[in-house]
Amino acid sequence: MEKDDLKILAQHLANPQGEKGIEIGEMMNATNIGMTLESIRTLAIEDHEHILEIGHGNAGHLREIFSRAAHLKYTGIDISETMHREAKKLNKEFDGQAEFVLYEGKKLPFEDKTFDKIFTVNTLYFWEEPVDFLNEIYRVLKNEGTVAITFGQKDFMEKLPFTEYNFTLYNNDEMEELVSRSHFKRMKISEKEEEIKSKTGDETIKRIYTVLTIKK
C-alpha cells in the first residue's frame, strides 16, 4: 500500500467513518475476533452482570457475549458515529439487552460503579491520556469487577506499516507501569499468539498480543 493509503487506513482504524469506515469495521471484526473472544473468556461473565465494551466497532460479536450467561446487560461505547449506527443496525435482535453510546473518547458518561465487567480490544493505542482514562474505567467499575484490556505487543505492532501514523504502542512492562500510576491495584498479564490475515490484506501474519486483566 502507498503511504497515503496507509494513513487513511490508520485514520479509519482509530475512528471509522462513512462507507469506507463500514468496510474497515467489518475487516476489524474479522481480524480482531480472536482477541475479542479471548477477552470475553477472560472476563468469566456470570448471570445478571452488566458488561461495558469500550470501542465496540460493529459489535458483530454480541451474540457470543449473550451466550455466556443469562440476564446480561451490555453497553457498548464508541467515538465513531459510523460504528455507532452500524452496531445498532446489526444488533436489533438484542434491543432491550444492549445499548450503544456515542462519546468523545475521554470521559465515560456513566455513574460510578455501574459495570461488573469491562473490556476493550485494540483501543489502547489511541488513548490520549492513558492514566486518566484508566481512572475513568476504575470509576465506573464495581468494587469486585474485572477489566480486560487487550492489545497487540509493541514488537509486533511496530512491524505493521500503518502504526507509524498516530498509534502509541506498548509492551507489557510499559503497560504495567501505566496501570501502576492509576488507581488500580491488581493486574495479571497473559500473552497470546495467533495467525491472522494482515489489515493491509497482503499476507498471513503471526500476531502476538496481551490480555491484561486488572482489578481494584
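**With respect to the sheet that holds strand β7 (residues 204-215)**
The strand order across the open sheet formed by seven strands is β3-β2-β1-β4-β5-β7-β6, and the pairing between neighbours is mixed. The two strands at the open ends of the sheet, each matched to only one other strand, are β3 (98-102) and β6 (186-197). The mean angle between the axes of side-by-side strands here comes to 20°, regardless of whether they run parallel or antiparallel. Both strand β2 (residues 73-78) and β3 contribute to a ladder of five bridges, which runs parallel. Bridging from a neighbouring strand, Ile77 pairs with Val101 of β3. Strands in contact with helix α4 (residues 81-90) are β2 and β3; relative to β3, the strand with the most contacts, it is inclined by about 165°.

**Notes on helix α7 (residues 172-180)**
Looking at α7, one finds that the buried residues are Asn172, Met175, Leu178 and Val179. The buried residues of α7 occupy an angular sector of 120° when the element is viewed end-on, so they sit on one face. For α7, the elements touching its buried residues are α5 (130-140), β5 (141-152), β6 and β7. Between a side-chain oxygen at the N-terminus of α7 and the backbone nitrogen of Asp173 the separation is 3.1 Å; the capping residue is Asn171.

**Overview of the nonpolar core**
Counting residues in hydrophobic clusters, the biggest one holds 36 residues, and the most contacted among them are Ile54, Leu108, Ile118, Ile137 and Ile149. Listing elements by their share of this core, those giving two or more residues are β1 (50-54), β4 (115-121), α5, β5, α6 (154-157), α7 and β7. Sort the elements by how many residues they give to this core and α5 lands first, with five residues. Once residues within four sequence positions are removed from consideration, Ile54 is found in contact with Ile77, Tyr103, Leu108, Ile118, Phe119, Thr120, Val121, Thr123, Phe133 and Ile137. By size, the runner-up hydrophobic cluster in this structure holds 21 residues, among which are Ile51, Ala69, Phe119 and Tyr209.

**A closer look at the environment of Tyr74**
For Tyr74, the position within the fold is in strand β2. In the structure, Tyr74 is positioned 25 residues away from Glu49 in sequence and 8.5 Å away in space, judged by C-alpha atoms. Among all residues touching Tyr74, those that are not within four sequence positions of it are His50, Ile51, Glu53, His56, Ala59, Leu62, Ile65, Phe66, Gln97, Ala98, Glu99 and Phe100.

Conventions we followed
- Residues numbered from 1 in each chain as written.
- Predicted model: local features only at pLDDT ≥ 70, side-chain atom pairs only at ≥ 80, totals over all residues.
- Heavy atoms only, no water.
- Pairing = 2+ DSSP bridges.
- Helix = DSSP H or I, 4+ residues; strand = E, 2+ residues; numbered from the N terminus.
- Axes fitted to C-alpha atoms, helices over the stretch in contact; angles between N-to-C directions.
- Contact = heavy atoms within 4.5 Å.
- Buried < 20%, exposed > 50% of the residue type's maximum accessible area, 1.4 Å probe, protein only.
- Arc of directions from axis to C-beta.
- Polar contact = N/O pair within 3.5 Å; in protein donor to acceptor, adjacent residues only side chain to side chain.
- Core = buried A, V, L, I, M, F, W, Y, C linked by side-chain atoms within 4.5 Å.

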